[in-house]
Amino acid sequence: MENKGLLFIPDISGFTRFVNEIEIDHSRHIIQQLLEVLINANNTGLEVSEIEGDAILFYKFGEPLELETLYKQVERMFCEFHRHLNAYEHRKICQCRACVSAVGLTLKVITHYGEFTTYNVKNFSKLIGRDVIVAHQLLKNDIEQHEYWLVTDNLLQDTPPAGLATWMKWDASAKQTETGEIPFHYTQLSQLREELPPEPDPQLELSDKVKVVSVFKDYDVDIKTLCFTVVHFEFRHQWQVGLKEVNEVEHFLPGVGSRHQHILENGQKIMMFTSSFSYNPEEKILFSETEEKRKISTYYTIEKAPDGRSRLILDVYLAKNPVRQLLFNLFEKNNLQSSLRRSLENLEPIVKEMVLPLEF
């Protein structure tokens, strides 16, 4: 059996190939994370041969896995895939087309048993054999939906398969190739996605707080442009008074709950996390940051001004503590208020020159 084994290919689809540079980078990163999710969900000893764009070629030499074991592996990967997307959908901040459409990505799984062998190229183990070609040919078929598990008939003892899940409905088909017909059965997997529990509310706001400072300014730009400039950390030091740099951003695509570090011009380092975000560009966009000890939060509210311009409101909240509030009002409030007003002034030339990525 050393040249016989299982070929297992989970394949991601659903992204339009965007031309915008930011969207290409973001879609690439989202796919990279999803591929890592699929690899981490492997609990049946599958080996990775290679990453093939948006798919992974897994294999395992030896007798074929029991169909029930194989289904459990498919189920685990499929559910982890969609849990990750659901979490990202609830926590994302970026509104580019790649990030917005990520929740609509789909996963299909091709499973085939046949003959193949490996050969090494430096540190890489590659697969070769007719059945490797067969498995890849099956990625392109006439199945209309894009979330299914396809099983070639040489993996099946019963056709159609039975006893895996009560909701499963199996259909039979075949792939016509130059070397002959490849019969297979397939079942849709969308039911698994529908049965996933809802994501918990990701908002991490201060639960007991009081507003201590509020300033605002109107800008001659649209809400989306103002939002893009404010929420992206790479621009923050260009306008926020006293801030030298934002670094140690926990995630390439930050979201609610992700951490980042503020380095002040006086050398002080403050660890922050994004504590809330809501996006309705027709009415209001809200973004907040809270320092790690949850003592102070800053809220950035972007809304339409009465004269048709866009307004940014900066509200600073402290955790309720009468002594801390008294000390703040006596020694810190005026300086902070002045710094925030100057920050709003600094922001004006930056937003006027900002080129908004397509479809943000």
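Small disclaimer: the values here were computed from a predicted structure and weren't measured.

*Asks:* What am I meant to see in the nonpolar core here?
*Replies:* Within soluble globular proteins, side chains that are nonpolar tend to cluster in buried spots. Counting 44 residues, the largest nonpolar core has Phe8, Ile12, Ile30, Leu70, Phe81, Leu105 and Trp149 as its most contacted members. Within the residue set of this core, elements represented by two or more residues are β1 (4-13), α1 (21-40), β3 (55-61), α2 (67-91), α3 (97-101), β4 (106-115) and β7 (148-152). Top contributing element to this core by residue count: α2, with 10 residues. In this view, Ile30 contacts Phe15, Tyr88, Ala98, Cys99, Ala102, Leu105 and Leu253; residues no more than four positions away in its chain are not counted. Listed in part, the 35 residues of the second largest apolar core include Phe228, Phe287, Tyr300 and Ile350.

*Asks:* Explain the sheet that holds strand β16 (residues 310-319) here, please?
*Replies:* Two strands in a sheet stick together by hydrogen bonds in their backbones, pointing the same way (parallel) or opposite ways (antiparallel). As summarised here, the arrangement of the 7 strands in space is β10-β16-β15-β14-β13-β12-β11, forming an open sheet in which the pairing is antiparallel. The sheet terminates laterally at β10 (209-219) and β11 (243-247), the two strands that pair on one side only. Going across the sheet, the axis of each strand differs from the next one's by a mean of 25°, ignoring polarity. Looking at chain direction, strand β14 (residues 284-291) and strand β15 (residues 296-304) are connected through 7 bridges and run antiparallel.

*Asks:* Got a minute to help me understand α1 in this structure?
*Replies:* For the α-helix, the turn length of 3.6 residues means that residues three or four positions removed from each other point alike. Relative to the 28 Å expected for 20 residues at 1.5 Å per residue, α1 spans 29 Å between its end C-alpha atoms, a close match to the ideal helical length. Restricting attention to buried positions, one finds in α1 the residues Glu23, His26, Ser27, His29, Ile30, Ile31, Gln33, Leu34, Leu35, Val37 and Leu38. For α1, the elements touching its buried residues are β1, β2 (47-52), β3, α2, α3 and β4.

*Asks:* I keep staring at the packing of helix α6 (residues 223-231) against helix α9 (residues 333-353) and nothing clicks. Help me out?
*Replies:* What describes two packed helices is the angle between their axes and the distance between those same axes. Remark: α6 packs on α9, axes separated minimally by 10 Å, with the N-to-C direction vectors making an angle of 120°. Relative to α9, the element α6 lies oblique. In the packing of α6 onto α9, the handedness of the crossing is right-handed. On α9, the residues touching Thr225, Leu226, Thr229 and Val230 of α6 are Leu347, Ile350 and Val351. Classifying every residue of the contact of α6 with α9 gives 5 nonpolar, 2 polar and no charged.

*Asks:* I would appreciate a short explanation of the packing of helix α8 (residues 322-331) against α9 in the present structure.
*Replies:* Closest axis-to-axis distance for the α8/α9 pair is 4 Å, and the angle between their directions is 65°. In this structure, α8 uses Phe328, Asn329 and Phe331 to contact α9, whose residues at the interface are Lys333, Asn335 and Leu336. Residues belonging to the contact of α8 with α9 are distributed by class as follows: 3 nonpolar, 2 polar and 1 charged.

*Asks:* Help me out: how do you make sense of the pairing of strand β12 (residues 259-264) in this one?
*Replies:* The two faces of a sheet get side chains in turn, since along a regular strand they alternate between them. With respect to burial, β12 is a largely interior element, 5 of its 6 residues being buried. Looking at chain direction, β11 and β12 are connected through 4 bridges and run antiparallel. For Leu243, the partnering residue across the bridge sits in β12 and is Leu264. Across 5 bridges, the pairing between β12 and strand β13 (residues 269-280) is antiparallel.

*Asks:* When you look at the packing of aromatic side chains in this model, what are you seeing that I'm missing?
*Replies:* Centre distance and the angle of the planes are the two values used to describe a pair of aromatic rings. Summed over all chains, the structure comprises 13 aromatic pairs. Aromatic pair Phe61 and Phe116: ring centres 4.8 Å apart, planes at 25°, arrangement stacked. Here Phe61 is found in strand β3, whereas its partner Phe116 is found in the loop between β4 and β5 (117-121), with 55 residues between them in sequence. Judged by relative accessible area, Phe116 falls into the buried class, the value being 2%. Taking 6.3 Å as the distance between ring centres and 65° as the angle between the ring planes, the aromatic pair formed by Tyr148 and Tyr186 counts as edge-to-face.

Definitions and cut-offs
- Per chain, residue numbering runs from 1 following the sequence as it is written.
- Restriction of local features to residues with pLDDT of at least 70 applies here, the model being predicted, together with a cutoff of 80 or more for giving and counting side-chain atom pairs; totals for whole chains, interfaces and linings are based on all residues.
- Water and hydrogen atoms were dropped before computing side-chain values, which therefore reflect all heavy atoms in the structure.
- Among buried residues, the Ala, Val, Leu, Ile, Met, Phe, Trp, Tyr and Cys ones that are joined through side-chain atoms within 4.5 Å form a nonpolar core.
- The cut-offs for exposure are 20% and 50% of the maximum accessible area for each residue type, with area from a 1.4 Å probe on protein chains only; residues under the lower value are buried, those over the upper are exposed, and the others partly exposed.
- Segments assigned H or I by DSSP are reported as helices when at least four residues long, segments assigned E as strands when at least two residues long, and all are numbered from the N terminus.
- Residues are treated as being in contact if the distance between any of their heavy atoms lies within 4.5 Å.
- Strand pairing follows a simple DSSP-based rule, namely that at least 2 bridges must link the two strands.
- In this description, a line fitted to the C-alpha atoms serves as the axis of each element, helices being fitted only across the stretch in contact, and the angle between N-to-C directions of two axes falls anywhere from 0 to 180 degrees.
- Any helix carries an expected span of 1.5 Å times its number of residues minus one.
- To sort the angles, those under 35 degrees are grouped as roughly parallel, those over 145 as roughly antiparallel, those from 65 to 115 as roughly perpendicular, and the leftovers as oblique.
- When the near helix sits turned anticlockwise from the far one by under a right angle, the crossing is termed left-handed; a clockwise turn instead gives a right-handed crossing.
- Residue polarity is assigned by list, with Asp, Glu, Lys and Arg as charged and Ala, Val, Leu, Ile, Met, Phe, Trp, Tyr, Cys and Pro as nonpolar; anything else, Gly included, falls into the polar class.
- Aromatic rings from Phe, Tyr and Trp, with only the six-membered ring used for Trp, were paired whenever their centres fell within 6.5 Å, and each pair was classed as stacked if the ring planes differed by under 30 degrees, edge-to-face if by over 60, and tilted otherwise.

Read these as geometric descriptors, not functional statements.
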